[in-house]
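The lines below spell out each chain.
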Amino acid sequence: MGDFTTTELMSIFAMQGFAGISLFSVLLLMALGLAIIFGQMGVINMAHGEFMTIGAYTTFFMSEFAVSYGMVDIYFPFAIIASFLIAFIVGYLVELGLIRHLYQRPLDTLLATWGLSLIMQQLFRSTFGAREVSPTLPDWMLGSVQPTETIDIPINGLFVLGLTIVLTAGVFYFLFKSKRGVHVRATTQNRLMAGAVGINTKRVDRITFALGCGIAGVAGAAFTTIASTGPTTGSLYIVDTFMVVVFGGAASLFGTIASAFSIAEAQSIMEFFISGSMAKVLTLLFVVGILMMRPEGLFASKIRK
Amino acid sequence: MKLRVRNQLRIAVRHSLLALTFTFCTLGTLATAAPATSKVNTTDLAVTDDSVTVGILHSLTGTMAISETGSVEAEKLAIEQINKSGGVLGRQIKIIVEDGASDWPTFAEKAKKLLVKDKTAAVFGAWTSASRKAVLPVFEKENGLLYYPTFYEGLEQSHNVFYTGQEATQQILAGLDWASKTLKAKKFYLIGSDYIWPRTSMKIARKHIEKVLKGTVVDEQYYPLGHTQFGSLINKIKLKKPDVIFAAVVGGSNVAFFKQLNAAGLTAKRQPLLTISVTEDEVLGIGGENLEGFYSSMKYFQALDLPGNKKFVQEFKNKWGNDSVIGDVTESAYLGPWLWKWAVEKAGSFDVDKVVKASENLEWKDSPHGYLKVDKNHHLWMKTRIGQWKRDGQAKIVFESDVIKPDPFPKGYQ
Amino acid sequence: MEFVKERLLGGKEGARGILILAVLLLIVFPLFLDIFRLNLVGKYLTYAFVAVGLVLCWGYGGILSLGQGLFFGLGGYAMAMFLKLEASDPESTKIQSTPGIPDFMDWNQLTALPWFWEPFNNLFFTLIAIIVVPSIFAFIIGVAMFRRRVSGVYFAIITQAIALILTVLIVGQQGYTGGINGITDLRTLLGWDIRSDSAKYILYFVNVVLLLGVIMIGKFVITGKLGRLLLAMRDKEDRVRFSGYDVASFKVFIFVLAAAMSAIGGAMFTLQVGFMSPSFVGIVPSIEMVIFAAVGGRMSLIGAVYGALIVNFGKTYFSESAPVLWLLLMGALFITVVMAFPNGLAGLWDKYKDKLNRDSLKNGFRSLGKREKTFDIKWPKITLPKFRKKETEVKGVPSNIRGDHA
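Each chain has its residues counted from 1, following the order in which its sequence is written. Ligands are numbered from 1 and chains lettered from A, in the order in which they are written. Reporting in this predicted model follows two pLDDT cut-offs: at least 70 for local features of residues, and 80 or more for side-chain atom pairs to be given and counted; totals over whole chains, interfaces and linings ignore these cut-offs and use all residues.

(A) The arrangement of the overall build of chain A in detail. Every helix listed is a DSSP run of H or I at least four residues long, and every strand listed is a run of E at least two residues long, numbered separately from the N terminus. Within chain A, the secondary structure is distributed over eleven helices and two strands. Written out in order from the N terminus, the α and β elements of chain A read α-α-α-α-β-β-α-α-α-α-α-α-α. In terms of overall dimensions, chain A has a C-alpha envelope of 70 × 55 × 35 Å along the principal axes. Considering only contacts within chain A whose residues lie at least 6 apart along the sequence, 78% involve residues at least 24 apart. Residues are scored as being in contact if the C-beta atoms we place from backbone atoms lie within 7 Å.

Shown next, in the form of structure tokens:
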């Protein structure tokens, strides 16, 4: 590396650090919704990716709308809220019609939600067309920040990072500080007792599931800034998402954060030195290997088996 | 939203008008005597006195539907136009559409159905290399006829297939020459999705850069299909500081790649980039603002200022809506039915072997991308063009090569 | 004789089921379908191998693997490697820069056959490898996971990840594997053209006979003590463990058996379809195959075959007439089967039969006692409520009270 000045190397180092953090925030954002659904409720939602796609298409529609009314600069926050609401409502309905009948059979939720994801993909395709779309992004979200001459920090990466922090804090607040969060945790830990003290556990389930879906919707909206929006976009994320949640230890939010961080750093560092395909294979092998040693993930959950 | 609805209404009205004219035309053609069926069809194809059946085989569902939709639209348009102009040998073309469902064995199964059960006279379809490889043995065994629209890696030539897209050298060599001459590029960075087309293309590109252009390849990287995080790659590019990035990333990865490239400050002003995997279709997903200033090497751009193209674009939009865009592959797909029609008429027969023979040296002077000729090796003679993307998703054509002879097995590049 | 009847056929009831299936596959289909459709049925039946394996390891063993495509693919690739080598003799590949190696290797600048391809020149080795390689794979995965007591959802997700790893590897190492295109253009088996119609007929019958054989092996397993142990493990693993049984070994065994069955299916697929591609190794086909088993009935070996046939007939039929509708239907099918008929077609059939029996009992035609002997229909009805109950317990009782895990 003789050709490079120290400043250049330092800049690359800094940017590579940010690439890792950025990947971390993406993984965490993907996994957050699922961590709630899978971790707290034990439901394996294979349609998680499609809830993200709902968010992405909502953003696309808001952007079309914004373009025709000249509000491109300000629509994005509203698009995120709308994505959350729509995904939340769809999630609520899905819980009502499908999931609540299957709580006793986690493996069957896997199959049923896979069916759901097929249906949703085809509905996206029939409604929005098979081609990919691209929301018009406000100008302030394009390009990069340059703290020094040689360092570029992508704005959309910063945006995703910020959103992830806010959302994670929100989820923590919800689960550990709000009354409803107490209900959720009570229900997860002991459904019978929770019911006995007057918590409407069915309602809690519904809200929890819908919340997880809503967060997936927000993730989908945020990812329109860094990746593609199409009928099958969701399927790009689903395996990674599950790996993050399972690796972290299902019922632990801290675990999810730790696992997103370690997977992201492992992958981005390896990608820098070896080829992309091999980095992917090695990352997955590393995760599978550790899971074989520690089947319950990094942070063992309270409910074993 | 409203706009869309109105558009669809307009399309609907137009469709009914088309249907009307279509009926009149059919009546018209029936009047002229067509050659006897027993003469033009000696191999038991689905040809009757007033109709001939062809197949369209693309993915309507699954991950590849994103890319293949345009091809289906173009093929349907071409067939409709041929029917309006009197059909083939006085016979109206009937279409059987089959869904390959983005799954290669399904492609093989459907290809077999189209040939064995439906006895189609020709099939327009397959898009990915993998689907073509899956159907190829079927076409060869049943002696069917396939028109394959996608630009691809070459290294193939079959009696039963016509390749209406570019083989690798037609897309790459002239483009690299241009980059070396105009952009004064010496250091190239090669990036592709990890499968056969990008790998073969990059292999050819590397040989050409090192041996002919006397430049250097500073790095060559491949990412799995569906990969969406390119932060580390972008940093590697920044470290190596190439003069030009040469990219063949496809699908959802393509969108992520360009969005992140742009966000990391590697815009066209700072980092020239030449790609062989972005057409107008892809721009829809990537967004013009993320591509502004980058170059694509293709044979066709929607913005081409040619009489044949103007007409084609207008008619495509009339049929499929004003918002629709036409990429290189869509245009290649449009060529298939026409090339088949002329070959059939030149041969005076639907028999596959006669059509294949008649296709050789077939010329089309004002195709949407200009002059073309069918070579003996079943590929087309065509030009390479370099387009520079603009914010509105259209390209400005900055370079045009001479007509290039197709060379699917390039000597010295293997 | 008694052994054959009770163990291989699964009693009178089971024998009747196998007989009907055999008549349908060996006589009715070949008589009434043309070779094109029959070849398609043959292709569907190769998936039935996987589905039968899944009935054993999922329905009976309670191990849901979302990576069965992995074994199907390995078996298929082993077969394809042999056929490809035969198709790449120096004569027919003389235009390559290195004649005598498969075309895709030549395109990727390989100048010699890689070492792990060499043994596949030998048919005998290949046939053994088809069974042994996937079994070893399954054994390693099984031992690693079941010894650590990975189960249920975790196992499903990890197998999924392994399937993904292998797909990325196959696609990425295209010089050695043919990449995303797979291994295509396979022509002959020891000089015998597998693409001809007569070969297709023969392969179809070989396929059916193998499938019936696999079903009988399955019957043998579930009618024996092992079958009962598997069910017991599925419903109350710890109790079986405390009774002194080595739970992990049984799980490994059934998982390996299912893998070997899938591999046979894969090899037959390659022979009948003429190529193998990584699209079979991935996640989507693996999950689809679980659905075949679920539709047929996760507790019924024969039901799994019908499941594979019916879902694929539907897929072909609807995708010829209305492709868009098909995906919606397939999705709806997943959901309906899981929600309304957890025991699939076989479950429905049993219910119907019960009703018939009850009616005939009223009329005094038949005594219920006769039916007690058969396991095939008895197990699901008895065990299903338990299966549900166990899950409730895990959810409802906090671990600090339960405390029964090691």
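There is more to say after this.
(B) Seen up close, the interface of chain C and chain B. Across the contact, 25 residues belong to chain C and 28 residues belong to chain B. Elements with a minimum of two residues in the side of chain C that touches chain B: helix H3 (35-60), helix H7 (152-172), helix H14 (301-321) and helix H15 (323-340) of chain C. Here the side of chain C that touches chain B is built from residues that sort into eleven nonpolar, eleven polar and three charged. Amino acids are sorted into nonpolar (Ala, Val, Leu, Ile, Met, Phe, Trp, Tyr, Cys and Pro), charged (Asp, Glu, Lys and Arg) and polar (every other residue, Gly among them).

(C) Layout of the interface of chain A and chain B. Taken residue by residue, the interface counts 37 residues in chain A and 36 residues in chain B. Where the side of chain A that touches chain B is concerned, the elements lending two or more residues are helix H1 (6-41), helix H4 (106-128), helix H5 (155-176), helix H10 (253-273) and helix H11 (276-293) of chain A. Here the element with the most residues in the side of chain A that touches chain B is H1(A); it accounts for seven residues. Taken together, the residues of the side of chain A that touches chain B break down into 14 nonpolar, 17 polar and six charged.

(D) Region of interest: H3(C). Residues and elements named next belong to chain C. A helix is expected to span 1.5 Å for every residue after the first. If you check H3, its first and last C-alpha atoms are 36 Å apart, about what 26 residues at 1.5 Å a residue would give, namely 38 Å. Along H3, the helix axis deviates most sharply at Leu-54, where the bend reaches about 30 degrees. Neighbour counting defines burial: a residue surrounded by 20 or more other C-beta atoms within 10 Å of its own C-beta is buried, one with 12 or fewer is exposed, and intermediate counts give partly exposed, using backbone-placed C-beta atoms. With 20 of its 26 residues buried, H3 lies for the most part within the structure. Gly-62 sits one or two residues past H3 and shows a positive phi near 70 degrees. The bend reported for a residue corresponds to the angle between axes fitted to the seven residues ending at that residue and the seven starting there.

(E) Broad picture of the domain arrangement of chain B. Residues and elements named next belong to chain B. In terms of domains, chain B is made up of domain 1 (2-165 + 304-382) and domain 2 (168-303 + 385-404). Where each domain begins and ends is defined by an automated method or by a domain database. Of note, the centres of domain 1 and domain 2, computed from C-alpha atoms alone, are 30 Å apart. With 22 residues of domain 1 at the interface, the matching set in domain 2 holds 22 residues. Taken together, the elements giving at least two residues each to the side of domain 1 that touches domain 2 come down to helix H3 (65-84), helix H13 (328-347) and strand S13 (380-389). Of the residues belonging to the side of domain 1 that touches domain 2, the class tally is twelve nonpolar, seven polar and three charged.

(F) Inspection of the confidence of the model for chain A at higher detail. A residue's pLDDT is the confidence the predictor assigns to it, expressed on a 0 to 100 scale. Summary statistics for chain A give a mean pLDDT of 87 and a share of 96% for residues scoring 70 or more. The secondary-structure element of chain A with the lowest mean pLDDT is strand S1 (residues 144-145) of chain A, recorded at 84, while helix H3 (residues 75-97) of chain A shows the highest, at 94.

(G) Geometry of H10(A). Relative to the 30 Å expected for 21 residues at 1.5 Å per residue, H10(A) spans 31 Å between its end C-alpha atoms, a close match to the ideal helical length. Among all positions in H10(A), only A:Leu253, A:Gly255, A:Thr256, A:Ile257, A:Ser259, A:Ala260, A:Ser262, A:Ile263, A:Ala264, A:Gln267, A:Ser268 and A:Glu271 are buried. Where H10(A) is buried, its residues contact H1, H5, helix H9 (234-248) and H11 of chain A together with helix H8 (231-240) of chain B.

(H) Spatial organisation of the pairing of strand S8 (residues 244-248) of chain B. Residue and element names in this part refer to chain B. Counting buried residues along S8, five of its five residues qualify, which places the element largely inside the surrounding structure. Alternating residues of S8 divide into Val-244, Phe-246 and Ala-248 and Ile-245 and Ala-247, and every residue in both groups is buried. Two strands qualify as a pair provided that DSSP identifies no fewer than 2 bridges between them. In this structure, strand S6 (residues 187-193) lies alongside S8, joined through five bridges in parallel fashion. Bridging from a neighbouring strand, Tyr-189 pairs with Ile-245 of S8. A crossover connection joins S8 to the parallel strand S9 (residues 273-275) through helix H9 (residues 251-263); in handedness this β-α-β unit is right-handed. Consider the strands pointing away from the viewer: the crossover is right-handed when the path from the first strand over the helix to the second runs clockwise.

(I) Just the nonpolar core, in detail. Within the largest apolar cluster, 329 residues are counted, with the highest numbers of intra-cluster contacts made by A:Leu27, C:Ala51, C:Val52, C:Leu54, C:Val55 and C:Ala304. At 20 residues, the largest contribution of residues to this core is made by H1(A). Domain assignment of the residues forming this core places at least three in each of domain 1 (2-165 + 304-382) and domain 2 (168-303 + 385-404) of chain B. What C:Leu54 contacts, discounting residues up to four positions off in sequence, is C:Gln68, C:Ala258, C:Met289, C:Val290, C:Ala293 and C:Ala304. Residues of type Ala, Val, Leu, Ile, Met, Phe, Trp, Tyr and Cys that are buried and joined through C-beta atoms within 7 Å form what is called a nonpolar core.

(J) Fine view of the sheet that holds strand S1 (residues 51-58) of chain B. Residues and elements named next belong to chain B. Across the sheet, five strands lie side by side as S2-S1-S3-S4-S5; this open sheet has parallel pairing. One side of each edge strand has no neighbouring strand; the edge strands of this open sheet are strand S2 (92-99) and strand S5 (161-163). Going from strand to strand, the sheet's axes swing by 25 degrees on average, the running direction of each strand aside. Only the stretch in contact is used when fitting a helix axis, every axis being a line fitted to C-alpha atoms; angles between N-to-C directions are given from 0 to 180 degrees.

(K) Fine view of the pairing of S6(B). Residue and element names in this part refer to chain B. The buried fraction of S6 is high, at six of seven residues. Alignment of S6 against strand S7 (residues 216-223), held across seven bridges, turns out to be parallel. Residue pairing across strands places Tyr-189 opposite Asp-219, the latter belonging to S7. Read as a crossover between parallel neighbours, the route from S6 over helix H7 (residues 196-212) to S7 is right-handed.

(L) View of the confidence of the model for chain B. Residues and elements named next belong to chain B. Across chain B, the average pLDDT comes to 88, with 92% of residues at 70 or higher. Segment residues 22-32: pLDDT under 50, and nine contacts once partners within four positions in sequence are set aside and those in other chains are kept. Across the interface, the model reports ipTM at 0.87; the global pTM reads 0.85.

(M) Layout of the packing of helix H2 (residues 48-69) of chain A against helix H8 (residues 201-223) of chain A. Residue and element names in this part refer to chain A. As a packed pair, H2 and H8 sit with axes 6 Å apart at the nearest point and diverge in direction by 55 degrees. With respect to each other, H2 and H8 are oriented oblique. Crossing angle aside, the handedness with which H2 passes H8 is right-handed. For the pair formed by H2 and H8, the contact residues are His-48, Phe-51, Met-52, Thr-53, Ile-54, Gly-55, Ala-56, Thr-58 and Thr-59 on the first element and Cys-213, Ala-216, Gly-217, Val-218, Ala-219, Gly-220, Ala-221 and Phe-223 on the second. Class assignment of the residues belonging to the contact of H2 with H8 gives a composition of ten nonpolar, seven polar and no charged. Any angle that is under 35 degrees is reported as roughly parallel, and any over 145 degrees as roughly antiparallel; angles of 65 to 115 degrees are reported as roughly perpendicular and all others as oblique. Handedness of each helix crossing follows the sense of rotation of the near helix against the far helix: counterclockwise by less than a right angle gives left-handed, clockwise gives right-handed.

(N) Layout of the packing of H10(A) against H11(A). Residues and elements named next belong to chain A. Where H10 meets H11, the axes come as close as 9 Å, and the angle between the chain directions of the two elements is 150 degrees. Viewed along their axes, H10 and H11 adopt a mutual orientation that is roughly antiparallel. Taken as a pair, H10 and H11 cross one another with a handedness that is right-handed. Residues Ile-263, Ala-266, Gln-267, Met-270 and Glu-271 of H10 pack against Gly-276, Ala-279, Leu-282, Thr-283, Phe-286 and Val-287 of H11. Looking at side-chain class alone, the contact of H10 with H11 contains seven nonpolar, three polar and one charged residues.

(O) Structural view of the environment of C:Ala293. Tracing the chain through its elements places C:Ala293 in helix H13 (residues 283-296). Sequence separation between C:Ala293 and C:Leu21 is 272 residues, and the spatial gap between their C-alpha atoms is 16 Å.

(P) Representation of unusual backbone geometry within the structure. All names here are of chain B. Even without a glycine there, the phi angle at Lys-119 is positive, about 55 degrees. Within the fold, Lys-119 resides in the loop between helix H4 (104-117) and strand S3 (123-125). Overall, the presence of 17 C-beta atoms within 10 Å leaves Lys-119 in the partly exposed class. In this structure, Ala-126 takes a positive phi of about 65 degrees despite not being glycine.

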